[in-house]
Structure formats: C-alpha cells, structure tokens
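Listed below are the residues making up each chain.
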Amino acid sequence: METLIYEKLDGKSVKCNICHHFCIIKEGKRGICGVRENKRGRLLSLVYPKVIAKSVDPIEKKPLFHLKPGSFSYSIATVGCNFKCAFCQNSDIAQMPKDYNGMIKGKDISPESIVKEAVNNGCKSISYTYTEPTIFFELALETAKIAKQKGLLNIFVTNGYMSTQVLKMVSPYLDAANVDLKAFNDKFYQRFCKARLEPVKENIKQMKDMGILVEITTLLIPGLNDDETEICAMAEFIATDLGRETPWHISRFHPSYHMMDRPVTPVLSLEKAYEAGKSAGLSYVYIGNVPGQLLENTYCPSCNELLVKRYAYQVENYVKDNGKCPQCDALVYGIY
C-alpha cells in the first residue's frame, strides 16, 4: 500500500513524513523503520495489512488505568519500529526487519476483520500496540475509522515520535494513548533509542490539547535514566505541561535485548520515583512490573477514597458510571 504522507523529490527519491525522522529515501531503499520502501519513486508500506501479533488483553496491560477499568482490548501489531531501543521489550517483532535483513512477516488481515474479531471477543477497544503504531499507520487509521463506527474506542501504545500530520489525521478517531517517556535526557534518547526527546514532549502536549486521554509510562533503568534530578524534572514536566491529572506509570526494568548487563530495577528506586511524582502534585502515580505491588490502585485525589482496586489483572472498579468518585462526587480523570 502507498504511504499516506510523503513527498516526491528529484531523482525518484522521497521524503517520508510519517514520523519525526523524516527519512529521505532513495529508490530501492527503506526508511529507518525498515517497513517503508521506495519503489520507483513511490513510498510503499510493506506491512499493510500483515498483522504479526493479535490478542485479547486486559486494558490494564497496555497499561491504561483510566479507560474502562477491567475491560478487554483487542490488540494488534505489525513488525517494525522507528526506534532502535537497546532495551526493547518486544525486539523479536519490533526489530525484525533491522535484525533479519529486512524480513517482513505477518498474516494478511483486513481492517474489517480486525474490528469484527474485537466485537466478537467482547472487547471495548482496539489497541495498536506491541510495536510502534506509527509504523503501521495506514492499517491503524483505516481500522480505527471502522472501529469508531462500531462503538469501539481506539488506543495507541506509542513512543510518541509520530509527525504532526499523523496526529492530526488520527485524532478524530483516537480516544487514548499510553506514551513511553523513556527518559528526560536527550542524550539518552540519542544513544539508546536513536531518536530525540523534544518531539516526544511536543507530541504528548499536542495529544492533551486534542482531548486525547493520555497516560505516561517510564521504564526505569538502573544507572541510565533513574537520576533523582532527572526524575523530578520529568515529574514536574508531566504535572506542569500536561496536567496533574495525567497518570504516570513507573515500570520496573528487566534485562532484555541488547541490555542484558543491567540489573532489575530496585523497588526502592521505583518508590523514590513514585514519591517524586506525588511531590510534583500528580494525582495518579503507579508502579508496574512488581508482583503484589499495592501502588497500582487508583484513589480519589480529592478525598482519597479507593476508586479502582487492582491485583495483577483482577480489577474492582468503584467509579460511578458518570466518572465520579462514589464518596465525594469529584470527577475522576478518564473514560468510564
């Protein structure tokens, strides 16, 4: 399928405008993502509609804690990613084209079939996840339009590196996004992700301005992005630039992909980041990837009433249908 947003240049080169890499791609070559190829001056998506992974997931797995807690989300992905994270958690599919000489795998599934499977499985939403949804934007956008007609919500689990054009095109159909804010340090982004920090920050702010429900996730890696000053600055950015109601998930790192030399994140480091978030005034801060962790419950920021109780993926939701606290009637951030 032809890429939705690109420019034709001299000599049959093209400029891809899907993400903030804005790759200039010569004839016969691919962009950084490894899934968009210039064929005779036309930029084609090699992953439409080749779905590599699909699953019925608890919405909390995304993680999204403020969108229909306890519901299920139909999750899909193709291969490929526009980041090259050394700590990639889904490297077998996300990094497949780069690591295996351009290999593209997947089963052809139409957008209509994806939506039908979501409905048949009793899902309340479709999540474009596991790999970066910007990579399979054409499939995601087409599916999202049909899903919206069927009353389903649409979710991006994303690194936040899409272009402004992509955001504008998808925003009428995108209900929520969990954005990985991988660090608050541009050198970290350059070294470990092969990307930059500033476009991510700007895109998150734009999503909030568009009325998209936004939750933030940070994978805390010992010795790399867990500096106390940096964590406090990140918490302050979320509270000040995005709003205190923006949920922040602080997730435990486990060695993976090209980063096997780092230890598992100490619980103490996670707890310190949690306290930094609360000190910055954030209403909803969570610790993830720690079994039995009590800091995954949601409490009312006004009266501290328990709103959503979580243990693993077992969820008890006490929020009223109108999205208000059952105790003090304060409005709770999210979609209920």
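Above this note sits the structure.
Below is a short write-up of the structure. The model shown is predicted, which means the values in this text are computed figures rather than measured ones.

Moving on to the overall build of the protein. When helices and strands are tallied, the protein shows 9 helices and 18 strands. Its C-alpha atoms give the protein a radius of gyration of 20 Å, within 12% of the compact-globule value 20 Å for 336 residues. Each of the three principal axes of the protein carries a C-alpha extent, and together these read 65 × 45 × 30 Å. Per-residue burial over the protein gives 56% buried out of 336 residues. For the protein, contacts bridging at least 24 residues in sequence account for 64% of all contacts bridging at least 6. A total accessible area of about 14400 Å² is found for the protein, and carbon and sulfur atoms account for 48% of it. Computing the positive centroid from 42 side-chain charges and the negative centroid from 37, the protein places the two 6 Å apart.

Take the pairing of strand 4 (residues 36-39) next. Alignment of strand 4 against strand 5 (residues 42-45), held across 4 bridges, turns out to be antiparallel. The residue of strand 5 that forms the bridge with Lys-39 is Arg-42. Hairpin connection between strand 4 and strand 5: a loop of 2 residues separates the two successive antiparallel strands, and Arg-40 in this loop has a positive phi of roughly 55°.

The next thing to look at is the packing of helix 3 (residues 111-120) against helix 4 (residues 137-149). Across the interface, helix 3 lies against helix 4 with an axial gap of 9 Å and an inter-helix angle of 50°. As judged from the angle between their axes, helix 3 and helix 4 are oblique. For the element pair helix 3 and helix 4, the recorded crossing hand is right-handed. Along its contact with helix 3, which presents Pro-111, Glu-112, Ile-114 and Val-115, the element helix 4 presents Leu-139, Glu-142, Thr-143, Ile-146 and Ala-147. Residue composition of the contact of helix 3 with helix 4, by class: 6 nonpolar, 1 polar and 2 charged.

With that settled, consider the sheet that holds strand 16 (residues 298-299). With respect to topology, 3 strands assemble into an open sheet ordered 16-17-18, the strand pairing being antiparallel. Among the strands making up the open sheet, the edge pair consists of strand 16 and strand 18 (314-317). With 2 bridges connecting them, strand 16 and strand 17 (residues 306-311) associate as antiparallel partners. What sits directly across from Tyr-299, in strand 17, is Leu-306.

Its location among the elements puts Gln-327 in the segment after strand 18. Along the backbone, Gln-327 and Glu-305 are 22 residues apart, and their C-alpha atoms lie at a distance of 6.6 Å. For Gln-327, the residues in contact, after removing those within four places along its chain, are Cys-303 and Glu-305.

Let us now look at empty space enclosed by the protein. Inspection of every chain in the model, using the stated rule, returns 1 cavity of 30 Å³ or more. The calculated volume of the largest cavity comes to roughly 70 Å³. In terms of lining, the largest cavity is formed by 13 residues, of which the most central are Cys-16, Cys-19, Cys-23, Cys-33 and Arg-36. For the lining of the largest cavity, a count of residues per class yields 8 nonpolar, 4 polar and 1 charged.

Calculation rules
- Residues numbered from 1 in each chain as written.
- Predicted model: local features only at pLDDT ≥ 70, side-chain atom pairs only at ≥ 80, totals over all residues.
- Heavy atoms only, no water.
- Helix = DSSP H or I, 4+ residues; strand = E, 2+ residues; numbered from the N terminus.
- Rg over C-alpha atoms; globule rule 2.2 N^0.38 Å.
- Buried < 20%, exposed > 50% of the residue type's maximum accessible area, 1.4 Å probe, protein only.
- Contact = heavy atoms within 4.5 Å.
- Areas by Shrake-Rupley, 256 points an atom, 1.4 Å probe, with all protein chains shown as cover.
- Lys, Arg positive; Asp, Glu negative; His and termini not counted.
- Charge placed at Lys NZ, Arg CZ, Asp CG, Glu CD.
- Pairing = 2+ DSSP bridges.
- Axes fitted to C-alpha atoms, helices over the stretch in contact; angles between N-to-C directions.
- Parallel < 35°, antiparallel > 145°, perpendicular 65-115°, else oblique.
- Left-handed = near helix turned anticlockwise from the far one by under 90°.
- Nonpolar A, V, L, I, M, F, W, Y, C, P; charged D, E, K, R; others polar.
- 1 Å grid on protein atoms, 1.4 Å probe; cavity = no way out; pocket = protein on both sides within 12 Å on 5 of 7 lines; lining within 4 Å.
- Points joined across faces, edges and corners; volume = space filled by probe spheres on them.

Such coordinate-based values are descriptive only and should not be taken to indicate function.
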